[in-house]
Amino acid sequence: MATVTLNIFRGNQEKGYFQSYTVETFEGMVVLDAIHKIQREQDASLACRWNCKAAKCGSCSAEINGKPRLMCKTRIDSLPIEEPIIVTPLKTFPVIKDLVCDVSWNYEIARKIPPLKLADEGSKEPLRMMQEDVERVQEFRKCIECFLCQNVCHILRDHQRKDIFFGPRFMIKLAALEMHPLDVEDRSEFLKEVAGVGVCNITKCCTEVCPEEIHITDNGIIPLKERVADVYFDPIRGLLRWLKTP
């Protein structure tokens with residue numbers, strides 16, 4: 001029976017170490033299977049967060065051999081197993097225990113975003129949208145909130161500037177609202193001054209790790225930047241604003 005060795009981070013935000021576990025493999029085994037096997041047969045104190053095991057809940061995010069991935073979607077046979085597989089928690093967020101991070105900051109950010117606002121909230125007429133508008137927004141609504149994109153964003157990960165940038169996940173949420181054809185809320189100032197869309201420098205690392213293959217940068221962040229640029233930095237609009245100023 002083939003085996004694989006995993007070196008897994010154990011500890012919390014203050015201190016930690018790597019513990020080595022060797023488990024027997026089976027066909028189709030994913031990293032989350034190995035974690036469960038360790039918990040069941042060797043060490044029940046090993047902590048990880050998971051729920052659906054179908055790559056739809058986004059709970060089992062971790063860094064595997066240094067790359068942010070879903071543990072339930074990463075097959076063991078896709079990794080080089082001659083060396084131990086390194087499994088660590090997401091770097092961007094504080095570690096609670098072992099592979100479990102505190103991602104509550106993301107939910108605090110979500111609450112700050114102005115929601116959908118319809119022109120006539122009380123209308124009894126059916127809401128009608130063109131199919132192309134539906135398809136554009138549906139791409140963003142595929143997000144499973146795994147926060148892998150937040151984890152690789154260098155503004156959040158390396159510079160820890162959660163105070164100036166909401167991160168790719170919430171740029172997508174804002175894009176879904178801004179591109180909704182029935183939405184009338186003006187979020188231009190919010191995008192520029194609060195969400196920090198101008199801080200992103202389009203490295204596309206968020207797009208590369210998205211398990212839903214959402215084109216975060218090209219279809220979300222860049223159009224938002226263009227909208228803000230049109231409002232605040234277009235010279236014609238600036239001239240018109242100046243002429244209207246009493």
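This text follows the structure it describes.
Residues numbered from 1 in each chain as written. Predicted model: local features only at pLDDT ≥ 70, side-chain atom pairs only at ≥ 80, totals over all residues. Heavy atoms only, no water.

Caption draft 1: Region of the structure containing helix α9 (residues 216-232). If you check α9, its first and last C-alpha atoms are 23 Å apart, about what 17 residues at 1.5 Å a residue would give, namely 24 Å. Helix geometry: α9 is bent most strongly at I222, by close to 25°, with proline P223 lying one to four residues after it. Those residues of α9 that sit buried are I216, T217, G220, I221, P223, L224 and V228. For α9, the elements touching its buried residues are α3 (131-141), α4 (148-152), α6 (168-178), α7 (188-195) and α8 (205-209). (Helix = DSSP H or I, 4+ residues; strand = E, 2+ residues; numbered from the N terminus. Expected span 1.5 Å × (residues − 1). Bend = angle between axes of the 7 residues up to and from the residue. Buried < 20%, exposed > 50% of the residue type's maximum accessible area, 1.4 Å probe, protein only. Contact = heavy atoms within 4.5 Å.)

Caption draft 2: Focus on the sheet that holds strand β4 (residues 67-70). Strands sit in the order β2-β1-β5-β3-β4 across an open sheet of five strands; the sheet is mixed. Each end of this open sheet is capped by a strand with a single partner; those strands are β2 (16-24) and β4. Taking the axes of each pair of neighbouring strands and ignoring which way they run, one obtains an average angle of 35° across the sheet. Taken together, the two bridges between strand β3 (residues 61-64) and strand β5 (residues 85-88) define a ladder with antiparallel strand orientation. What sits directly across from I64, in β5, is V87. (Pairing = 2+ DSSP bridges. Axes fitted to C-alpha atoms, helices over the stretch in contact; angles between N-to-C directions.)

Caption draft 3: Representation of the side chain of R10. Mapped onto the elements of the fold, R10 is located in strand β1 (residues 3-11). A polar atom in the side chain of R10 sits 2.7 Å from the side chain of Y21. Setting aside its immediate chain neighbours within four residues, R10 contacts K15, G16, Y17, Q19, Y21, D43, S45, L46 and D98. (Polar contact = N/O pair within 3.5 Å; in protein donor to acceptor, adjacent residues only side chain to side chain.)

Caption draft 4: Expanded view of the packing of α6 against α7. Where α6 meets α7, the axes come as close as 12 Å, and the angle between the chain directions of the two elements is 170°. Judged on the interaxial angle alone, α7 and α6 are roughly antiparallel. Listed contacts from α7 to M171, L174 and E178 of α6 are F190, L191 and A195. Residue composition of the contact of α6 with α7, grouped by class: five nonpolar, no polar and one charged. (Parallel < 35°, antiparallel > 145°, perpendicular 65-115°, else oblique. Nonpolar A, V, L, I, M, F, W, Y, C, P; charged D, E, K, R; others polar.)

Caption draft 5: Up close: the packing of aromatic side chains. Under the defined criterion, the tally for this structure stands at five aromatic pairs. Between F166 and F190, the ring centres sit 5.7 Å apart and the planes meet at 75°, which makes this aromatic pair edge-to-face. Separated by 24 residues along the polypeptide, F166 in the loop between α5 (154-157) and α6 and F190 in helix α7 bring together distant segments of the chain. In terms of burial, F166 and F190 fall into one category: buried. Connected via pairs of aromatic rings, a cluster forms that spans F93, Y107 and F147. The cationic tip of K162 hangs over the ring face of W105; the distance from NZ or CZ to the ring centre is 5.8 Å. (Phe/Tyr/Trp six-rings, centres within 6.5 Å; stacked < 30°, edge-to-face > 60°. Lys NZ or Arg CZ within 6 Å of the ring centre and 35° of its normal.)

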